[in-house]
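What follows is the residue order along each chain.
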Amino acid sequence: MPKAGIHPDYHTIKVQMTDGTVFETRSTWGKEGDTMALDIDPKSHPAWTGGAAKLQDGGRVAKFNKRFGGLGGLTK
């Protein structure tokens, strides 16, 4: 016999995408009728849009060379 009262409430919520579109889904997040506003979603994240992610200035090697490049003994 299943135990009563141990499962979370599964209810309908609204999800607002970064472009303002809204859809309904069922979730255990929030309360019935709440709206979850997303900061990142497939419409805006570079992993899905194919855009370039913000990269470090030259990466770790460039940062190292900038910091220690003046030392003569470290280069060939």
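Provided above is the structure to which this section pertains.
Starting from 1, residues in each chain are numbered consecutively following that chain's sequence as written. Totals for whole chains, interfaces and linings use every residue, but because this is a predicted model, local features are given only for residues with pLDDT of at least 70 and side-chain atom pairs only at 80 or more, for both listing and counting. Based on all heavy atoms of the structure, the side-chain values leave hydrogens and waters out of the count.

Novice: Help me out: how do you make sense of the packing of aromatic side chains in this one?
Specialist: Pairs of aromatic rings are described using the distance from one ring centre to the other and the angle between the two planes. Pairs were defined over the aromatic rings of Phe, Tyr and Trp, the Trp ring being its six-membered one, requiring ring centres within 6.5 Å. Orientation was assigned from the angle between planes: stacked under 30 degrees, edge-to-face over 60, tilted for the rest. Applying the stated criterion across every chain, the model contains one aromatic pair. Measuring from ring centre to ring centre gives 5.0 Å for Phe64 and Phe68, while their planes differ by 45 degrees; the resulting arrangement is tilted. Of this pair, Phe64 and Phe68 both sit in helix H2 (residues 59-68), four residues apart, which is roughly one turn of the helix. Summary of the burial criterion: residues with accessible area below 20% of their type's maximum are buried, those above 50% are exposed, and those between are partly exposed, where the area comes from a 1.4 Å probe applied to protein chains only. Judged by its relative accessible area of 30%, Phe68 falls in the partly exposed class. Under the DSSP-based scheme used, a helix requires at least four consecutive residues in state H or I and a strand at least two consecutive residues in state E, with every element numbered from the N terminus.

Novice: I'm lost on the pattern of salt bridges in this one. Help?
Specialist: Whenever Lys or Arg places a side-chain nitrogen within 4 Å of a carboxyl oxygen from Asp or Glu, that contact is recorded as a salt bridge. One pass over the full model with this rule turns up one salt bridge. Between Asp19 and Lys43 there is a salt bridge; the shortest N-O distance is 3.2 Å. With Asp19 in the loop between strand E1 (11-16) and strand E2 (22-27) and Lys43 in the loop between strand E3 (35-37) and helix H1 (46-49), the pair connects residues that are 24 residues apart, well separated along the chain.

Novice: Help me out: how do you make sense of the pairing of E2 in this one?
Specialist: Side chains on a regular strand alternate between the two faces of the sheet. Pairing between two strands requires that DSSP report at least two bridges joining them. Of the pairings in the sheet, the one linking E1 to E2 comprises six bridges and is antiparallel in character. Note on E2: the bridge partner recorded for Ile13 is Thr25.

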